[in-house]
Amino acid sequence: MSKLRFGLRLKLLFFSSFLLTIPWLGYQYVWEMETYLRIGQEQTMVGTARAVATALHERPALFDSQSAYLTDVKPGTDLYAHKIAYPIQLDGKLDDWQDYRHLSIAYDEQNLIDSIQDYQLDSLHFTHMVGQYDRFLYAMFDVTDNKVLLRPTNSLRIDKNDHLQIAMTDQSGLFQRYIIAPTQPGWVNAYLLKDDLDSLQPERLETKIQGQWRNTVSGYQLELRFPLAMISSKIAFAIVDVDDPQTRSVEQIMGTANPSQLDSLGTVLVPSPEIEKILKGLQYSNARVWVVDKHMRVLARSGNIQKSSGVHSGSLNNLFSNNDLDHQKSGWEYIEKNWLLPLYYQILTKPPADFVDDLRDAFALQGQDISQALSGKPSTLWRLSSDNKAVIMSAAHPIYIDEKVMGAVVIEQTTNGIRTLRNKALEQQFHYILLVILISTLALFLIASRISWRIRKLRDDTENAIDQQGKIIGDIVPSSAGDEIGDLSRTFAHVLSRLSQYNTYLENMASRLSHELRTPVAIVNSSLDILLLEQQNPETKQYVDRAKQGITRLSKILTNMSEATRLEQAIQSNDHETFDLEELLKGCVAGYRLVYANRTFDVQVSVSHSTFHGSPELFAQMLDKIIANAVEFSEENSAINLQMVNSEPGYVLTITNQGILLPKNMQHQLLDSMVSVRKQQNTEQSHLGLGLYIAKIIARYHQGNIRIDNLKDQSGVVVTLVFKDLKI
């Protein structure tokens, strides 16, 4: 399994990836800036709440004299007049109340004022709410009554039938009671009752209280309207149920409070138009402002939380208008919009275009910040919208009247403006960071490519200067660059030059040594020949014969040492010619049969044509070396097989012998110079390991390859020669 290799370019690209920490650091920095911006927004909102509260301090006329001073608020008894966007059409159908029906209050057994008969849910229950539009107070009643009994046409009594009782205090504090008891469905007015609390006798018709009575399948519906100037703040509504048309006795009285007792009246809180005028006068349109009483009921409000981002939209447009113009002048806008921004917003979050506002129609607020403000301590609070899309911050400040907290000012804003500023800043920052990363990475990649190219060139030049046998066949052109790679190139060139000189010396040493030793060897050999001609005793003759054998071996060593050099010189001066390879092969084998009589030679030639271009003498010499090696390592009387076939490159010649196997991991080294694997040295012959090396030189001269391997059945050795089919 090959080891994974990392080049310079990959390493530099890997280290350049640390540049990606720059956007992360920028992202963290902008987040920190957003935190500080939020703190600044929080302080600004606290200051705004303080300024609004200052405008409301010590102005008791702005607060209702009754409801604002209540020690406790009773739901269903103390009413809240919700702000109505459009005037109500008094038709008794309650269609105009659909947007506000979720604010209505249900009245049942718990709201019974007087129960003469046993209560049944189907006998009487109703839903009710009051609203305020302009200078009028509106009220609606959706009554479920199993028997609707209206006042007879000629009856002077108005209390012996189903009717609505209204009790209130007027602006001067007088207790006033009214009854609505129509003789038929349709337009109704109220009857003002006499001051006697024990009497329900009408005094006159009050036309300021107007409405519409409409019977339904389950009961009846009633819509009313009367001027706000008629009441101060105390009021009560009660539905009186009469079912028996004979006795016409009252069976159930159910309502907001007992209309016959002044002390039991509830209150109605109407949003203060005076406070709303003050809020509008502040012209603080980039926040939602609430004013609540000490019971957390809303006295006034201004602004829309959907638009209260804390940052004016005009500021954003002016801040980034120049960049937008630049984008429109080029194709950069397309790249930014379709490629970059979708990538950025995988990390960033866009402020929501819309979110759920739970307090849109709220008439009472809750929160820790408001509780602390009503206790006299300004406070702030962060909260999420119910759909978790927006972060809303609120700041509350107390309102003092006679050194007592009578209410609070609540300022609300979202963080959408800050988030938009953060996103815009990060967009611009990411643009520049991305550009820096791309330029830096490209520069590092180019530098790494240049360095790796120079190193690869130096490697290739070095490899081309030395062949597989270690012979220096070329030069390295030294680089003129002044860096480390240039210095390395010049060092390699200098080292290669010195090695070339040394190798030339070694290459010529064999021929020089052979030339220098031939004369003394010839002198010694001739002297021994003369000694052999003289009469010698057996003991002396024995030593002379040994000396003769040694000098003969030395002469052969000198001959073998210079053979390779002579062969290379012969190859350089040899001319190519065309000859018949099959004929040459069979001729050589015929000679081998005579020389090596104790071996059997088998030749098989299966080629379409055997014309070959090269040197027949050198080819025969190559075969001689291979056959001599095969004979030496094969067993006596064994067969040596020669087979030549056609292949895709040209010719394939295999020479197989049975005998000693090659050592493991030595197949390639046996073709090198001075390599021999003979276990026993023959005293008659010297072996320098040049036979197969010479065969390899001749094979390459004929543009062929030679390979030596053990047979698959481990019975011997096979030499394979592959030659291209060189035709002329």
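What you are looking at is a predicted structure, and each value in this text was computed from that prediction instead of being measured.

Peer 1: If you had to explain the overall build of the protein to someone new, which residues and values would you point to?
Peer 2: Helices and strands together make up the secondary structure of the protein, namely twelve helices and 25 strands. For the protein, buried positions account for 42% of its 728 residues. Partitioning the contacts of the protein with sequence separation of at least 6, the portion at a separation of at least 24 is 67%. Of the roughly 40400 Å² that the protein leaves accessible, carbon and sulfur atoms contribute 53%.

Peer 1: Which residues make up the pattern of salt bridges, and what values go with them?
Peer 2: In total, this model carries 13 salt bridges according to the counting rule given. R288 is the salt-bridge partner of D357, the closest N and O atoms lying 2.7 Å from each other. Residue D357 is located in the loop between α5 (332–344) and α6 (368–374), and its partner R288 is located in strand β14 (residues 288–293); the two are separated by 69 residues in the primary sequence. Judged by relative accessible area, R288 falls into the buried class, the value being 3%. Salt bridges sharing common partners tie together R288, D357, R383 and E412.

Peer 1: Tell me about the side chain of N416, and name the residues and values.
Peer 2: Here N416 is to be found in helix α7 (residues 416–465). Looking at N416, the relative accessible area reads 8%, which means it is buried. Dropping the residues within four chain positions of it, N416 is found in contact with S309, P351, P352, F355 and A390.

Peer 1: Outline the packing of helix α2 (residues 21–56) against α7, supporting the account with residue identities and numerical values.
Peer 2: In the contact formed by α2 and α7, the axes pass within 10 Å of each other and the chain directions differ by 160°. As the angle between them shows, α2 and α7 are arranged roughly antiparallel. Classified by chirality, the crossing of α7 by α2 is right-handed. From α2, I22, P23, G26, Y27, V30, W31, E34, L37, R38 and Q41 reach across to α7, where they touch I418, R419, R422, L426, Q429, F430, I433 and I437. For the contact of α2 with α7, the per-class residue count stands at eleven nonpolar, three polar and four charged.

Peer 1: Quick rundown of the packing of helix α10 (residues 581–595) against helix α11 (residues 616–633)? Include the residues and the values.
Peer 2: Between α10 and α11, whose axes approach to 11 Å, the crossing angle comes to 45°. Here α11 runs oblique to α10, going by the angle between their axes. Pair α10 / α11 crosses with right-handed handedness. Side by side, α10 and α11 meet where L581, L584, L585, C588 and Y592 of the first sit next to P616, F619, A620, L623, D624 and I627 of the second. Considering only residue class, the contact of α10 with α11 consists of ten nonpolar, no polar and one charged.

Peer 1: Explain the sheet that holds strand β15 (residues 298–302) to me, using residue names and the numbers behind them.
Peer 2: Here five strands make up an open sheet; going across it, the order is β15-β14-β18-β17-β16 and the pairing antiparallel. Strands with a single pairing partner mark the edges of an open sheet, and in this sheet they are β15 and β16 (379–384). Within this sheet the neighbouring strands show an average axis-to-axis angle of 20°, counted without direction. Bridge analysis of β14 against strand β18 (residues 404–414) gives six bridges, and the strand direction is antiparallel. Bridge pairing in β18 links V291 to V409. Relative to strand β17 (residues 391–401), α2 is tilted by about 30°, and along the sheet it contacts β14, β16, β17 and β18.

Peer 1: Help me get a handle on a nonpolar patch on the surface, residues and values and all.
Peer 2: Residues Y502, Y505, L506, M509, L513 and L517 make up a contiguous nonpolar surface patch of roughly 520 Å² in combined accessible area. Counting through the fold element by element, Y502 comes out in helix α8 (residues 484–533).

Peer 1: Any chance you could break down the packing of aromatic side chains for me, citing the residues and the numbers?
Peer 2: Tallying each qualifying case throughout the model produces twelve aromatic pairs. Clustering of aromatic rings is evident, with ring pairs tying together F579, F612, F619, Y651 and F723. Positioned above the aromatic ring of F136, the side-chain terminus of R225 is 4.8 Å from the ring centre.

Peer 1: Report on the pairing of β18, specifying residues and quantitative values.
Peer 2: With ten of eleven residues buried, β18 is to be regarded as a mostly interior element. With ten bridges joining them, β17 and β18 adopt antiparallel strand pairing. Counterpart to I401 in the pairing with β18 is K404. What sits between β17 and β18 in their antiparallel hairpin is a turn of two residues, with D402 showing a positive phi close to 55°.

Basis of the calculations
Residues numbered from 1 in each chain as written. Predicted model: local features only at pLDDT ≥ 70, side-chain atom pairs only at ≥ 80, totals over all residues. Heavy atoms only, no water. Helix = DSSP H or I, 4+ residues; strand = E, 2+ residues; numbered from the N terminus. Buried < 20%, exposed > 50% of the residue type's maximum accessible area, 1.4 Å probe, protein only. Contact = heavy atoms within 4.5 Å. Areas by Shrake-Rupley, 256 points an atom, 1.4 Å probe, with all protein chains shown as cover. Salt bridge = Lys/Arg side-chain N within 4 Å of Asp/Glu carboxyl O. Axes fitted to C-alpha atoms, helices over the stretch in contact; angles between N-to-C directions. Parallel < 35°, antiparallel > 145°, perpendicular 65-115°, else oblique. Left-handed = near helix turned anticlockwise from the far one by under 90°. Nonpolar A, V, L, I, M, F, W, Y, C, P; charged D, E, K, R; others polar. Pairing = 2+ DSSP bridges. Patch = residues over 30% accessible without salt bridge, like charges linked within 9 Å, V, L, I, M, F, W, Y side chains within 5 Å. Phe/Tyr/Trp six-rings, centres within 6.5 Å; stacked < 30°, edge-to-face > 60°. Lys NZ or Arg CZ within 6 Å of the ring centre and 35° of its normal.

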